[in-house]
Amino acid sequence: MDVTIFSTKPFDRRFLSAAAGTRHRLTFLEAHLTADTVPLARGAGAICPFVNDQVDEKVLTELAALGVRLVALRSAGFNNVDLAAAKRLGITIARVPAYSPEAVSEYTVALILALDRNLHRAYARVREGNFSLDGLMGFNLAGRTVGIVGTGRIGAGVARIMKSFGCRIVAHDLTPNPACVADGVTYMSLAELLPISDIVSLHCPLLPSTRHMIDKATIATLKHGMMLINTSRGGLIETTDVIEALKAGTIAQLGLDVYEEEGDLFFEDLSDQVIRDDVFSRLLTFPNVLITGHQAFFTVEALTAIAETTMANLTAFETTGHALHEVT
Ligand code: NAD
């Protein structure tokens, strides 16, 4: 099958080429998928976008006109896809539902530990010959209450690891995860979870119902001095409200691997450019904010699994007319 792959980096090419073997003919593009770049898919039966590619109605209409029948996402999340438009146009959407939840769970815990013990500040200080401990004091995780919002594959992994530190785990989900219940996790409403959690970690998908679930109204119910972690999707939090909460001390530590407007920033080297996003720039000024550029998934195991599942989606679609993991 001829496949046009958007938003690729050298590591994507390495892992996808290895998984494709000689079965599929891959064309790698650095360009993001947008209404302007969609003509580059001409001649392909399938395209393969990444998290910040636009798969909206306009792009899908053009893809359909070009004869593209399959959009094989290299991600679990599909909030960037207009599913209704895809269905109407007869384009199948496939994804990689669970490439390596451990990669994201473990990274989430890395953010919690780094923020708690100020590793990001200590690293810079020691390199400058500054061995002062002022401002680096952390807190023991043992005995703290961790609130997990969304206990699917990733959230359940975070719950398991944090429990091993001696934390009390409370959770909110539409459907409790039986493995978490068996492990002693206490389920409750979001309204009950937020005021009692020392650390709140977000692991639910971005949906119209979850967009800005952390905003001025819910921030007002947070425990003063808490830590907020988001490795899920940037749109779960209203960033300007979170900035006010950082200024007020309600949120004492913030760890982000995702940002609502990350599409203009992440995955690119912008180090010689002026960042025009004033909200993002303000976040960078806080010593108690640790931001990384959507790298929680970035492990050898995850990239191998993404490449293999993507190829399995393409092969199944080519042979049966149905991808292995279709989004309906
Ligand atoms: P999953 O589908 O296994 O779990 C999501 C859970 O959220 C489910 O249990 C679901 O019931 C729950 N949920 C849905 N709506 C909810 C709501 N309103 N309130 C509370 N819970 C709700 O997904 P997963 O594999 O655990 O991934 C979680 C999220 O992590 C994904 O949606 C994706 O956006 C994000 N992610 C980020 C990275 C990264 O590199 N930073 C990588 C992979 C996934």
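Residues numbered from 1 in each chain as written. Predicted model: local features only at pLDDT ≥ 70, side-chain atom pairs only at ≥ 80, totals over all residues. Heavy atoms only, no water.

Visitor: So what's going on with the sheet that holds strand 2 (residues 25-28)? Which residues, and what values?
Guide: If you trace the five strands from one edge of the open sheet to the other, you get 2-1-3-4-5, paired in parallel fashion. In the strand order of this sheet, the two ends are held by strand 2 and strand 5 (92-94), each with one partner. This sheet shows a mean twist of 20° between the axes of neighbouring strands, independent of strand direction. With four bridges connecting them, strand 1 (residues 2-5) and strand 2 associate as parallel partners. In the strand pairing of strand 2, Val 3 is matched with Leu 26. (Pairing = 2+ DSSP bridges. Helix = DSSP H or I, 4+ residues; strand = E, 2+ residues; numbered from the N terminus. Axes fitted to C-alpha atoms, helices over the stretch in contact; angles between N-to-C directions.)

Visitor: So what's going on with the pairing of strand 6 (residues 145-149)? Which residues, and what values?
Guide: With five of its five residues buried, strand 6 lies for the most part within the structure. Going residue by residue along strand 6, you find Thr 145, Gly 147 and Val 149 tucked away on one face and Val 146 and Ile 148 tucked away on the opposite face as well. Two strands pair when backbone bridges link them, and strand 6 and strand 7 (residues 168-172) are joined in this way by five bridges, in the parallel orientation. Across the sheet, Ile 148 pairs through a bridge with Ala 171, a residue of strand 7. Assessed by its sense of winding, the connection that carries the chain from strand 6 through helix 6 (residues 153-164) to strand 7 is right-handed. Pairing geometry for strand 6 and strand 9 (residues 199-202), over four bridges, is parallel. (Buried < 20%, exposed > 50% of the residue type's maximum accessible area, 1.4 Å probe, protein only. Right-handed = clockwise from strand over helix to strand, strands pointing away.)

Visitor: Kindly report on the packing of aromatic side chains, identifying the contributing residues and their values.
Guide: Going through the model one piece at a time under the given rule, you end up with six aromatic pairs. Where Phe 11 meets Phe 298, the ring centres are 4.6 Å apart and the plane angle is 65°; that geometry is what we call edge-to-face. Here the residue Phe 11 occupies a position in helix 1 (residues 10-20), and Phe 298 occupies one in the loop between strand 12 (289-291) and helix 12 (300-320), the gap between them amounting to 287 residues. Taken together, the ring pairs connect Phe 11, Phe 50, Phe 267, Phe 297 and Phe 298 into an aromatic cluster. (Phe/Tyr/Trp six-rings, centres within 6.5 Å; stacked < 30°, edge-to-face > 60°.)

Visitor: With reference to specific residues and values, describe the side chain of Ser 7.
Guide: Along the polypeptide, Ser 7 turns up in the loop between strand 1 and helix 1. What makes Ser 7 buried here is its relative accessible area of 10%. Not counting residues up to four positions away in its chain, the partners in contact with Ser 7 are Asp 12, Leu 29, Glu 30, Ala 31, His 32, Leu 33, Phe 50, Asp 53 and Arg 74. (Contact = heavy atoms within 4.5 Å.)

Visitor: So, unusual backbone geometry: which residues are in play, and what are the values?
Guide: Here Phe 267, not a glycine, exhibits a phi torsion of approximately 75°, which is positive. Assignment of secondary structure puts Phe 267 in the loop between strand 11 (251-256) and helix 11 (278-284). The exposure class assigned to Phe 267 is partly exposed, which follows from its relative accessible area of 26%. A positive phi angle, close to 55°, is found at His 294, a residue other than glycine. With respect to the helices and strands, the residue His 294 is situated in the loop between strand 12 and helix 12. According to the relative accessible area criterion, His 294 is buried, its value standing at 9%.

Visitor: Could you give me a rundown of the domain arrangement of the protein chain, with the residues and numbers involved?
Guide: One frequent convention defines the size of an interface as the accessible area lost when the parts assemble. The domain boundaries assigned to the protein chain delineate domain 1 (2-99 + 300-320) and domain 2 (101-291). Taken together, the contact pairs twelve residues of domain 1 with nine residues of domain 2. Both faces considered, domain 1 and domain 2 share a buried interface measuring about 920 Å² in area, 53% of it formed by carbon and sulfur atoms. It is Lys 9, Asn 52 and Asn 79 that lose the most area in domain 1 upon contact with domain 2, and together they represent 45% of the buried surface on that side. For the pair domain 1 and domain 2, the interface holds one salt bridge. In this structure, Glu 268 and Lys 9 form a salt bridge, with 3.2 Å as the shortest nitrogen-oxygen distance. Put simply, domain 1 and domain 2 have four residue pairs in polar contact (both at pLDDT 80 or more) between them. Considering only residue class, the side of domain 1 that touches domain 2 consists of six nonpolar, four polar and two charged. (Domains from an automatic or database assignment. Buried area = accessible area lost by both parts, 1.4 Å probe. Salt bridge = Lys/Arg side-chain N within 4 Å of Asp/Glu carboxyl O. Polar contact = N/O pair within 3.5 Å; in protein donor to acceptor, adjacent residues only side chain to side chain. Nonpolar A, V, L, I, M, F, W, Y, C, P; charged D, E, K, R; others polar.)

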